[in-house]
Amino acid sequence: MITSVGTFLLLVLAGVGAGLTGATAGLASLVSYPALLAAGLPPVTANVTNTVAMLGTTAGAAAGARPELAGQRRKIIPLCVITTVGGACGGLVLLLTPSDAFTTIVPWLIGGASIVLIAGPRLRRLAEGAEHHGLSPATGVAAFLIGVYGGYFGAAAGVLMLALLVSVWSQPLARTNAAKNLVTGSANLLAAVVFAFTGKVVWTAALAVCLGSLAGSWLGSNLVRRLPATPLRIGIGIAGLGLAVVLAFS
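Definitions and limits used
- Residues numbered from 1 in each chain as written.
- Predicted model: local features only at pLDDT ≥ 70, side-chain atom pairs only at ≥ 80, totals over all residues.
- Heavy atoms only, no water.
- Helix = DSSP H or I, 4+ residues; strand = E, 2+ residues; numbered from the N terminus.
- Buried < 20%, exposed > 50% of the residue type's maximum accessible area, 1.4 Å probe, protein only.
- Contact = heavy atoms within 4.5 Å.
- Areas by Shrake-Rupley, 256 points an atom, 1.4 Å probe, with all protein chains shown as cover.
- 1 Å grid on protein atoms, 1.4 Å probe; cavity = no way out; pocket = protein on both sides within 12 Å on 5 of 7 lines; lining within 4 Å.
- Points joined across faces, edges and corners; volume = space filled by probe spheres on them.
- Nonpolar A, V, L, I, M, F, W, Y, C, P; charged D, E, K, R; others polar.
- Core = buried A, V, L, I, M, F, W, Y, C linked by side-chain atoms within 4.5 Å.
- Patch = residues over 30% accessible without salt bridge, like charges linked within 9 Å, V, L, I, M, F, W, Y side chains within 5 Å.
- Salt bridge = Lys/Arg side-chain N within 4 Å of Asp/Glu carboxyl O.
- Expected span 1.5 Å × (residues − 1).
- pLDDT = per-residue confidence, 0-100.

S.K.: Mind showing me how you'd approach the overall build of the chain here?
M.R.: When you go through the chain residue by residue, the secondary structure sums to 13 helices and zero strands. When its helices and strands are written in sequence order, the chain yields α-α-α-α-α-α-α-α-α-α-α-α-α. Out of the 250 residues in the chain, the part that is buried amounts to 50%. Partitioning the contacts of the chain with sequence separation of at least 6, the portion at a separation of at least 24 is 83%. Carbon and sulfur atoms make up 73% of the accessible area of the chain, which amounts to about 11300 Å² in all.

Rendered as structure tokens:
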């Protein structure tokens, strides 16, 4: 329970930062999760509270990126269904199993995704034409696994998803990023429902972060529209590599 007004406002501010970085780079939990720990929440409680709060990032990003989402329904809906199921599985894994084995591979997963993101255009040329044949089994499996990861822990799940979509879709980065926000957010949906019934969510903290992330992600979606694609993609990839190194040593 968050009883201090100052702590509540700081969590709102952290939510703004999380929404901004989540909508632009897929790194929302890098801001919100440490803020919840700093507010005194135990790690598992902070994780489940953060998952619920990040629904605000999805809503704000969708509202801010409506022009980029136009015409993508046929691509996005199947992926959202897959990641929603994956997110629910990840949430159950978090609640039922120890985390040590899974978190050991997280730095490698994020680092690999960051490299894929940086090399995205070259990989896309190798897979040229894949987007014209619907959702491939390999893409579906990869999306499901990212959904599991998103429901389980979530930090940099957006980087993983953006790397996947950049490698198989040929379209402007802003449109792919907008799709990434919805598809990754879907992984949080059922996981958040699962967590809501565990009694572990600190609702005042979740509300604070959610309110901030709603505004921050709306701003971030509008910002992506104005940023050059290649520097943004490379910047996100480098940030992801930095996160992988930090997690590996921590």
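S.K.: Explain empty space enclosed by the protein to me, please; I cannot follow it from the model alone.
M.R.: Over the atoms, a rolled probe matching the size of one water molecule traces out where space is still vacant. Throughout the structure, instances matching the rule amount to two cavities of 30 Å³ or more. Approximately 270 Å³ is the volume attributed to the largest cavity. Taken together, 24 residues form the lining of the largest cavity, with Ala28, Met54, Gly154, Thr184 and Asn188 sitting closest to its centre. Of all the elements in the fold, those that place two or more residues in the lining of the largest cavity are α1 (5–25), α3 (43–53), α4 (55–64), α10 (157–168) and α11 (173–196). The greatest single-element share of the lining of the largest cavity, amounting to six residues, is contributed by α11. Taken together, the residues of the lining of the largest cavity break down into nine nonpolar, 14 polar and one charged. Its volume calculated, the second largest cavity comes out at about 50 Å³. Around the second largest cavity, the lining residues are Ala65, Glu68, Ala174, Asn177, Ala178, Asn181, Ser221, Val224 and Arg225.

S.K.: Looking at this structure, I do not really get the nonpolar core. What am I missing?
M.R.: Ranked by internal contacts, the top residues of the largest apolar core, which has 58 residues, are Leu11, Leu36, Leu41, Met161 and Ala205. Looking at this core, the element that brings in the most residues is α10, giving nine residues.

S.K.: Explain a nonpolar patch on the surface here, please?
M.R.: Among the surface-exposed residues, Ile115, Ile118, Ile234, Ile238 and Leu241 lie close enough to one another that they form a single nonpolar patch of about 390 Å² accessible area. When residues of the nonpolar patch are traced back to their parent elements, those giving at least two are α7 (100–118) and α13 (229–249). Broken down by element, the nonpolar patch gets its largest block of residues, three residues, from α13. Along the polypeptide, Ile238 turns up in helix α13.

S.K.: Looking at this model, I keep getting lost on helix α9 (residues 137–152). Mind explaining?
M.R.: Because an α-helix completes one turn every 3.6 residues, residues spaced three or four positions apart along the sequence face the same direction. In this model α9 runs 23 Å from its N-terminal to its C-terminal C-alpha over 16 residues, within 8% of the 22 Å that 1.5 Å per residue would give. Along α9, the residues that are buried comprise Thr139, Gly140, Ala143, Ile146, Gly147, Val148, Tyr149, Gly150, Gly151 and Tyr152. One or two steps after α9, the chain reaches Gly154, where phi turns positive at roughly 95°.

S.K.: Which parts of the structure should I look at to understand the confidence of the model for the chain?
M.R.: Any segment with low pLDDT has predicted coordinates that should not be analysed in fine detail. Summing up the model confidence of the chain, the mean pLDDT is 83 and the portion of residues at 70 or higher is 88%. Here helix α8 (residues 120–126) is the element of the chain with the lowest mean pLDDT, 60, and helix α12 (residues 203–224) is the one with the highest, 92.

S.K.: I keep staring at the environment of Asn188 and nothing clicks. Help me out?
M.R.: Along the polypeptide, Asn188 turns up in helix α11. Judged by its relative accessible area of 12%, Asn188 is buried. For Asn188 and Thr84, which are 104 residues apart along the polypeptide, the C-alpha to C-alpha distance reads 7.1 Å. Contact partners of Asn188, with chain neighbours within four places excluded, come to Thr51, Met54, Leu55 and Gly150.

S.K.: Help me out: how do you make sense of the side chain of Ser217 in this one?
M.R.: With respect to the helices and strands, the residue Ser217 is situated in helix α12. Ser217 sits in the buried class, given a relative accessible area of 0%.

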